[in-house]
Amino acid sequence: MSPETLDSVNGSPAPTTITTTSSLLSQLHRHFDSLSKAIESGDIRRSDAVLVDLVEFLGSVSDAAVGSDDDEGGAESAAVVVLDGVLGFISDPGLDQAVIDELTSPLLEATAKFAGLSSRCSSIFESVIDQLITKCHPRDMIAYLCGVLALYGKEIDAPDFIAPTFRGVAKVLASIKRRHLEIARATISSILNALNAACADSDDRDMGFRGVFDGAVDVATSIKVACDTLALISISMGEKVSNCLPLVITLSQFFPYCGLVYADLVTGHAVDPITKHISFEDIEDYMKSFGYVKHGAGLAVIWGCISDAVVDAAGQDVTTLKNELRSSQEKRWQVVAMVGNIFSMGSLPWNLKRDAIELLLVITDNMDEQQITEDTTCSFYSPRLIAALQAIATIVIHAPDAGLRKNAFTALKRVLTDSPASLRLDILQHLVRKSNLSSMVAILLDCARENLQAEIRKKSSAKEAGADPSLSFWDAGVLDLVEFVLRPPSGGPPSFPEQSDAVLSALNLYRFVLIAESTGNTNYTGVRSRSSLEKAYKEWLLPLRTVVTGIVAQNDDDHDELVLCRICSLNPIEFVVYRCIELVEAQLKRAM
């Protein structure tokens with residue numbers, strides 16, 4: 001902005017014409033004088049009108065500075081002059097309290113728009129907050145500051161005002177002597193909503209938002225609520241652990257004060273006590289404000305596994321924790337459910353997901369040596385276990401490096417093994433039906449086959465010892481898995497090449513079950529019953545053979561490289577289809 005003219009953002013004349021910086025101050029003082037006189041005289045209509053004019057005046061100055069192309073810094077200088085004038089007015093010790101009460105909320109909202117112009121403007125805005133804190137009742141000031149935070153994304157796009165506002169909230173909370181918890185509860189929602197919005201707008205995934213998180217830590221220091229903040233910090237760190245380690249250490253120092261221990265955080269026992277005292281009108285309000293509490297509780301422990309400094313700050317012992325979790329099957333289920341929240345966070349860096357997988361691998365190691373309980377307790381956790389396994393499956397498919405994919409697959413199999421066999425099949429069926437990826441379905445069907453093999457080995461060993469254990473995984477539900485792939489619910493045979501992986505695994509699973517039952521002269525799954533054989537022969541295998549051989553014959557003379565690759569992918573399917581047909585025909589002859 002030149003000294004001669006101040007234009008609005010859109011290029012049209014601003015609501016107030018300003019020719020010099022002294023004119024800026026003159027107009028500002030006229031607004032303040034008019035407001036003071038109107039309030040002192042009790043003219044409510046006049047005071048409201050003057051207040052509107054004052055807000056418009058401040059808006060014209062901030063808008064013009066935001067939209068200015070002046071390289072000489074004139075626009076910023078004008079904004080600084082105006083902000084200094086505001087600060088000088090409210091700092092007057094003789095200012096009537098009635099004027100402060102009327103002015104505080106609109107003045108905070110109007111001056112917040114200046115914070116993004118420069119570090120100087122942000123500093124003056126924070127001084128305005130500090131001055132008003134000394135003159136307003138804490139309960140009222142908290143409400144005003146929460147109102148300012150609510151402007152983000154609506155009237156204010158730049159997040160620069162959030163950090164000084166957070167620090168203002170922290171100072172108010174620290175000054176409260178009575179009913180501290182009640183006021184803190186009313187504040188948490190606004191703090192987390194603003195922090196979540198600022199985090200979502202962070203596109204550099206670096207330290208540009210460090211001030212925002214520092215301000216959030218100041219608030220956490222005042223109200224001792226850290227889990228949700230920790231989750232958002234973890235999202236913003238990018239792939240560099242060092243970016244957020246100091247903040248995580250600071251938050252972890254609150255845990256002893258709050259009575260939080262890693263065992264309760266990672267199993268979820270500490271989550272409900274954190275949130276049950278906070279009242280919300282509906283679930284949408286809860287999710288907006290506390291949607292990351294469970295994620296943060298799990299991440300608090302993951303950070304402890306990453307850094308000894310974090311563990312020391314939290315006053316915890318990770319080695320003892322891992323041994324405790326390894327020795328309790330129910331706690332392992334609880335951990336899987338909690339860590340599943342971490343895997344479902346698409347914006348969370350892969351480094352933290354990798355460390356979460358490592359934790360699962362540690363606590364599920366050597367499970368074969370433990371006595372696994374039956375399904376009464378596990379059925380309570382099944383929905384959460386299924387959700388966690390679905391999240392782990394996404395890591396298996398989408399992780400950027402082979403090492404993480406391999407470890408996630410190992411963790412997936414171990415978590416399945418850690419559940420009772422009678423529920424394990426139900427869990428697998430749910431996962432298969434919910435998966436949209438052929439490769440994931442193939443992996444799950446291979447897991448089913450491995451579980452069948454494991455039960456046969458256990459039964460064989462038990463027989464040698466004189467026992468005769470049941471085979472709970474050998475159930476008709478195994479054939480339901482096969483049918484889901486070979487005869488999709490949508491109708492018709494599976495499509496190729498989209499379903500090639502799943503089809504091959506389903507055929508191998510069916511072939512394995514049929515051979516095993518025939519060899520052992522058993523029929524646990526019902527695979528050898530005549531009706532089952534005829535169904536598999538007529539509804540699964542013959543239609544599949546027709547489709548596969550038709551595709552091969554149709555493209556037999558096409559030498560395009562992509563077509564050849566497609567035909568090659570069908571070769572193993574064609575081989576296994578014919579083998580399954582031979583096995584079924586042989587069984588049908590014996591049944592005649």
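Residues numbered from 1 in each chain as written. Predicted model: local features only at pLDDT ≥ 70, side-chain atom pairs only at ≥ 80, totals over all residues. Heavy atoms only, no water.

For the rest of this paragraph, the subject is the overall build of the protein. A count of helical and extended segments in the protein gives 28 helices and zero strands. Here the protein holds 592 residues, and the buried ones make up 48% of them. For the protein, contacts bridging at least 24 residues in sequence account for 74% of all contacts bridging at least 6. Surface accessibility of the protein: about 26,800 Å² in total, with carbon and sulfur atoms responsible for 49%. (Helix = DSSP H or I, 4+ residues; strand = E, 2+ residues; numbered from the N terminus. Buried < 20%, exposed > 50% of the residue type's maximum accessible area, 1.4 Å probe, protein only. Contact = heavy atoms within 4.5 Å. Areas by Shrake-Rupley, 256 points an atom, 1.4 Å probe, with all protein chains shown as cover.)

Quick look at the nonpolar core now. By size, the foremost hydrophobic cluster in this structure holds 109 residues, and its most contacted members are Tyr262, Leu507 and Tyr510. Those residues within four positions of Tyr510 in sequence are excluded, and the remaining contacts are Leu479, Val482, Val527, Leu533, Ala536, Trp540, Leu541, Cys580 and Val584. Counting 63 residues, the second-largest nonpolar core is a separate cluster that includes Phe32, Leu54, Ala112 and Ile162. (Core = buried A, V, L, I, M, F, W, Y, C linked by side-chain atoms within 4.5 Å.)

Right, let's talk about the side chain of Glu517 for a bit. With respect to the helices and strands, Glu517 occurs in helix α26 (residues 500-519). Despite its burial, Glu517 pairs with no opposite charge; the closest candidate is Arg528, at 6.3 Å N-O. In terms of polar contacts, Glu517 uses its side chain to reach the backbone amide nitrogen of Thr525, at 2.8 Å. Sequence-distant contacts of Glu517, defined by excluding residues within four places in its chain, comprise Trp474, Thr522, Asn523, Tyr524, Thr525, Gly526, Val527 and Arg528. (Lys, Arg positive; Asp, Glu negative; His and termini not counted. Salt bridge = Lys/Arg side-chain N within 4 Å of Asp/Glu carboxyl O. Polar contact = N/O pair within 3.5 Å; in protein donor to acceptor, adjacent residues only side chain to side chain.)

Applying the stated criterion to the full structure yields four aromatic pairs. The ring of Trp350 has Lys353 sitting right over it, with the charged end atom 4.8 Å from the ring centre. (Phe/Tyr/Trp six-rings, centres within 6.5 Å; stacked < 30°, edge-to-face > 60°. Lys NZ or Arg CZ within 6 Å of the ring centre and 35° of its normal.)

Turning to the environment of Val61, a few remarks are in order. You can see Val61 is positioned in helix α2 (residues 44-66). Separated by 18 residues in the primary sequence, Val61 and Ala79 place their C-alpha atoms 6.3 Å from one another.

Between its terminal C-alpha atoms α26 stretches 28 Å, which fits the 28 Å expected from 20 residues at 1.5 Å a residue. Asn521 occupies a position one or two residues after α26 and carries a positive phi of about 55 degrees. (Expected span 1.5 Å × (residues − 1).)

Summed over the entire model, instances satisfying the criterion amount to 15 salt bridges. Glu483 serves as the salt-bridge partner of Lys535, at 3.0 Å between the closest nitrogen and oxygen. Of this pair, Lys535 sits in helix α27 (residues 530-554) while Glu483 sits in helix α25 (residues 477-486), and the two are 52 residues apart along the sequence. Among the charged side chains, a salt-bridge network with shared partners connects Glu126, Asp130, Arg167 and Lys171.

This part covers the side chain of Asn451. Position of Asn451 among the secondary structure elements: in helix α24 (residues 438-464). A polar contact of 2.6 Å, which involves the side chain of Asn451, links it to the side chain of Arg424. Among all residues touching Asn451, those that are not within four sequence positions of it are Arg424 and Phe473.

Backbone torsion omega between Phe496 and Pro497 reads 5 degrees, so that peptide bond is classified as cis. Along the polypeptide, Pro497 turns up in the loop between α25 and α26. The phi angle at Asn521 is positive, at roughly 55 degrees, despite the residue not being glycine. Here Asn521 shows up in the loop between α26 and α27.

Before going further, it helps to spend a moment on the confidence of the model for the protein. On average, residues of the protein score 80 in pLDDT, and 77% of them reach the 70 mark or higher. Between residues 204-208, whose pLDDT stays under 50, and residues either more than four places distant or in other chains, the model counts 10 contacts. Counted against residues more than four places away or in other chains, residues 277-283, with its pLDDT under 50, gives nine contacts. (pLDDT = per-residue confidence, 0-100.)

Attention now moves to the environment of Leu103. As for its placement among the helices and strands, Leu103 is situated in helix α4 (residues 97-112). Leu103 sits in the buried class, given a relative accessible area of 2%. Here the alpha-carbon distance between Leu103 and Leu51, two residues 52 residues apart in the chain, equals 7.7 Å. Beyond its immediate stretch of four places on either side in the chain, Leu103 contacts Phe32, Leu35, Leu51, Leu54, Phe89 and Ile90.

At a minimum axis separation of 10 Å, helix α6 (residues 138-149) and helix α7 (residues 162-175) run at an interaxial angle of 160 degrees. Here α6 lies roughly antiparallel to α7, going by the angle between them. Read as a crossing pair, α6 and α7 show a hand that is left-handed. Counting all contacts with α6, which are made through Pro138, Met141, Ile142, Leu145, Val148 and Leu149, the residues of α7 involved are Ile162, Thr165, Phe166, Gly168, Val169, Val172, Leu173 and Ser175. Taken together, the residues of the contact of α6 with α7 break down into 11 nonpolar, three polar and no charged. (Axes fitted to C-alpha atoms, helices over the stretch in contact; angles between N-to-C directions. Parallel < 35°, antiparallel > 145°, perpendicular 65-115°, else oblique. Left-handed = near helix turned anticlockwise from the far one by under 90°. Nonpolar A, V, L, I, M, F, W, Y, C, P; charged D, E, K, R; others polar.)

Helix length check: α6 (12 residues) gives 16 Å between terminal C-alpha atoms against 16 Å at 1.5 Å per residue, within 8%. Along α6, the residues classified as buried are Met141, Ile142, Leu145, Cys146, Val148 and Leu149. Taken down its axis, α6 places every buried residue within 155 degrees of arc, on the same side. (Arc of directions from axis to C-beta.)

Topologically, Phe473 is positioned in the loop between α24 and α25. For the pair Phe473 and Pro420, spaced 53 residues apart in sequence, the C-alpha to C-alpha distance is 9.3 Å. The residues contacting Phe473, other than those within four sequence positions of it, are Ala421, Arg424, Leu425, Leu428, Ala448, Asn451, Leu452, Glu455 and Val478.

There is a patch of like negative charges on the surface, built from Glu40, Asp48, Asp96, Asp101, Glu102 and Asp140. Within the fold, Asp101 resides in helix α4. By relative accessible area, which is 45% here, Asp101 ends up partly exposed. (Patch = residues over 30% accessible without salt bridge, like charges linked within 9 Å, V, L, I, M, F, W, Y side chains within 5 Å. Charge placed at Lys NZ, Arg CZ, Asp CG, Glu CD.)

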